Amino acid sequence: MADVTELRCWPSCVDALDWSQDNIIALASDERVELLFPNTVSYERDNDVPQWQHVPLQVPWFSNDELPLKNPAPLSNFSIGEEISPSVPIAISWSPPGLAKHRRCALAVLTSNLVLSIWSAEGKLNEESSWNRRLLINNALTEYFSKNTTAQTSSISVSAEEQLRLRSRVRAMAWAPSLPSGCNTMGTQVSYERQYLAVSNDDNQVVFMVVDSPTSTLGSSRTWKAEVLADASLIPDQATTFTDPELFEDMVQQQRFIPHVAWSPWIRQDDQYRSVVIYATNEDVRARPVICSDGNISLSDEVAYPGMNLRYSGPLSWCPQPDCSDQLTLALFTHSGLVYATISAKDASIVNTISHDLDGRWDQVSGVAWDCDTHFPPRLHFSSLLSTIQSPTAVLQKTHGALERGKAPNWKEKIENSMVLFSVKNDLKGHSKTKVWGLTASPLGDFIAACNSLHPSDSIEYGPPADRRGTIALSTLKQYSKIRESFPTRNTTAENLLFTLKKLVENTVEDADQMPAFAEEAVEKMMQAYGPVDSSGRTLGAVDVNNLESIVKELKTIAVFDENTLKDRYSTLVSYACNDTSSNELSRTLITYRLATVLQKLPPALAHTPFSKEIIAHQKRLTALIDSLLFPNEAEDETIDGTVEVPIDQTGTATSNETNASAMDIGISSSNSARTPDAATDLCDFCSAPIPFTDLTMAACTNGHEFPRCGISLLAIQAPGITKYCGICSTPFLSEEFAQAQEAGELEAESPVSLSSVMFQACDVCVYCGGKFIG
């Protein structure tokens, strides 16, 4: 059963479809880029709450400051009209997580004027005004090539001005995948690597770049920036080189640019990471091995794959998972059909190739998606613009050294059924056709999205284009019972898991009596797939107080990925999928208690600012308050690592004698304030009255003014505009900008790192459910 969402677009101009690890689907149409993301609020089948939200991005709009007017290029340069282009989006690609605000994915958008821009959201995802263009990659190319006078001479233009114009255009791009971390986590990572990008320009060059943002640099940079690391020039064959082309045929035949670029997954070999960047010319396909070591990348010699013609064809697509022998799988869609190649990650050489006919179809391949299951060889799904339904092949799988056609997938059957209904509704008597614009797999690999439009096949299509619709249909790649058996072992986010969990509840849980068993099973499966990170030998007492990145990594490993905390976090996330959050308060309290205990183990030198001292004071009063409630007579029940082992039953309720009170009893009332000394930790900004520490989520001064408490610092949030929220459980937190403002001018020169900066950087997702922040 497929879930269907409709969006308004011009179906003749849908160019790209991509699904991010933040669980956002981006679609590039003629007018704009449309973002679709599922509501995290609870919804039922019979109510009016939409399951998907739509946000349009007006990517063709450039200000004169962003993109000054360009003069027409000379005839000798064969102007392609970029200076007068309407700038419609022609390609989109989500970056790996970690680059955008709150460690989200950034969106790269290539428009028809050959400008590549980076977009991200600053506040709420569902507000169009929150999304903005952060960076123009072309500016970095212009800066680099205007200074790099040793670059190879262009075979297209001899004018220095026109060479710079050619080298500043972007024809194709590809993000480098995330480096393998060795452990599978949910929502966050122990550490984030730099984000690399490969682009091809109009002068037969592939340029390797690094993109930095205020988030990726841990706040050390206030702006987005792209820097060129290396460029590789393609030496065209003499038969495709014309010093002064006069005929149009010569201009078309000339090797002017690289139309396709694709970056393979990384493979760890010894102490290095290796991958392969592949790109197409007019006549063949070429590759360059890329080595990443100590955060730096280097390029090896180019390798050519002759006899593979991708001109006016394509695309190139890497399987996202290497095989067990550290070899990479590549799909190349050529004029003659599909070439399925196994590539060595060491030197980019071809180990073997398999060819397969594409049913004689002549139209372009519009979408490619991989179905990677740990128990089977990867399956390749693909669609073509016009002949997807008529052609028998839509799925291929490598079996016994050959490619075998699989049975029709769910997404194809759904499109066929929609076409039949369209014919009946419009009385077309079977004369209908469909255009399939793209495919993209979900980050977890359990769903696939197919974009298509429906049209009459033997008559004029009446009605204005604004009344036409493109449909994105979501289908499962395998049965829900198979999805329920285990979750894929790969880095993911809470948003991805919540989407899958909701679908599992909807399709596998028949009545409410089965919900507790489902919740327990889901938590167990999540612990198996995204279990704790090994923290043996880790200590916070001896960390370098001047190395923010190192301290953040240690704190994440010990606190954020603690086994007991992970189990409570997964239980909380599952409760939102099951629409039963009544038992979350105990889990939330224990997560807060463990975090506060670990924060107090940080070196005292980090608490050298008034703001950090205020935070650590709240953490100490919290642990004292919880200790007095859970263990009023003795403190021997605390474990060595500072966590509290409280037996939890299936529903998340505490079962020990010490905690036989309900979760509501742990939500401290004002009558308990006398049980802890020095309970007043803050002053009300309105009346200067003291605010006793009597509740973990709310703060109230003695005159009755109430404020929410920050979910990690526990400080009262007493002003508007300083808050971020979890996108799933809506827990409020102080924003990093507010924390930085509080410590502005207070940090000592010899110790620029504070407890506040460490805490907010380590807790870059909600500590209670793992959700990404908004706001």
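The paragraphs below set out a description of the structure included in this document. (Residues numbered from 1 in each chain as written. Predicted model: local features only at pLDDT ≥ 70, side-chain atom pairs only at ≥ 80, totals over all residues. Heavy atoms only, no water.)

**Some thoughts on helix 1 (residues 137–147)**
Using the following cut-off: Exposure classes here rest on a 1.4 Å probe applied to the protein chains alone. A residue is buried below 20% of its type maximum, exposed above 50%, and partly exposed in between. Helix numbering and strand numbering both begin at the N terminus, where a helix is a DSSP run of H or I of at least 4 residues and a strand a DSSP run of E of at least 2. Within this analysis, the arc is defined by the directions that extend from the helix axis to the C-beta atoms. Here, residues are in contact when the closest pair of their heavy atoms is within 4.5 Å.
Of all the positions in helix 1, only Ile137, Asn138, Ala140, Leu141 and Phe145 are classed as buried. The buried residues of helix 1 all sit within an arc of 155 degrees when viewed along its axis, so they share a single face. Elements that come into contact with the buried residues of helix 1 comprise strand 8 (116–121), strand 9 (131–136), helix 2 (160–168), strand 11 (195–200), strand 12 (205–212) and strand 13 (225–233).

**Side note on the environment of Leu566**
In this fold, Leu566 is placed in helix 9 (residues 563–577). Exposure remark for Leu566: the relative accessible area of 2% places this residue in the buried category.

**Here's the deal with the pattern of salt bridges**
Selection criterion: Take a side-chain nitrogen of Lys or Arg and a carboxyl oxygen of Asp or Glu: if they are within 4 Å of each other, that pair is a salt bridge.
Here the structure, examined in full by the defined rule, presents 28 salt bridges. Measuring nitrogen to oxygen at the nearest pair gives 2.6 Å for the salt bridge that ties Arg194 to Asp212. Linking Arg194 in the loop between strand 10 (172–175) and strand 11 with Asp212 in strand 12, this pair joins segments that are 18 residues apart in sequence. For Arg194, a relative accessible area of 39% corresponds to the partly exposed category. For Lys503, the salt bridge goes to Glu506, with nearest N and O atoms at 3.9 Å. Taken together, the positions of Lys503 and Glu506, both in helix 6 (residues 494–508) and three residues apart, correspond to about one turn of that helix. Several salt bridges share partner residues, and in doing so they unite Lys70, Glu82, Glu83, Glu162, Arg165, Arg169, Arg171 and Asp202 into one network.

**Focus on the sheet that holds strand 7 (residues 107–111)**
Each strand in a sheet pairs with another by means of backbone hydrogen bonds, the pair being arranged parallel or else antiparallel. Selection rule: Think of it this way: DSSP has to see at least two bridges between two strands before they count as a pair. The axes used here are C-alpha line fits, helices contributing only the stretch in contact, and every angle between their N-to-C directions lies in the interval 0 to 180 degrees.
If you trace the four strands from one edge of the open sheet to the other, you get 6-7-8-9, paired in antiparallel fashion. Only two strands of the sheet have a single partner each, and these edge strands are strand 6 (89–94) and strand 9. With strand direction ignored, the average angle separating the axes of adjacent strands in the sheet is 30 degrees. As paired strands, strand 6 and strand 7 are joined by five bridges and run antiparallel to one another.

**Some details on the side chain of Thr731**
Summarising the element assignment, Thr731 is placed in the loop between strand 35 (723–726) and strand 36 (732–734). Thr731 gets classed as buried once you look at its relative accessible area, which sits at 6%. Residue contacts for Thr731: discarding those within four places in its chain leaves Arg588, Gly711, Lys724, Tyr725, Cys726 and Tyr768.

**Here we look at the pairing of strand 11**
For strand 11, the tally of buried residues reaches six of six residues, placing the bulk of the element in the interior. Of the two faces of strand 11, the one lined by Gln195, Leu197 and Val199 and the one lined by Tyr196, Ala198 and Ser200 are each fully buried. In terms of strand pairing, strand 10 meets strand 11 through four bridges, oriented antiparallel. Its bridge partner lying in strand 11, Ala174 is registered against Ala198. Here six bridges tie strand 11 to strand 12, and the two strands are oriented antiparallel to one another.

**Regarding the sheet that holds strand 21 (residues 327–333)**
Pairing is antiparallel across the open sheet formed by four strands, whose spatial order is 20-21-22-23. Strands with a single pairing partner mark the edges of an open sheet, and in this sheet they are strand 20 (316–318) and strand 23 (350–356). Across the sheet, the mean angle separating the axes of adjacent strands is 20 degrees when strand polarity is ignored. Both strand 21 and strand 22 (residues 338–344) contribute to a ladder of seven bridges, which runs antiparallel. By the bridge assignment for strand 22, Leu330 is matched with Ala341.

**What about the side chain of Ser756?**
Residue position: Ser756 is located in helix 14 (residues 755–762). A relative accessible area of 1% places Ser756 in the buried class.

From the geometry alone we can't say anything about function, so treat these as descriptive.
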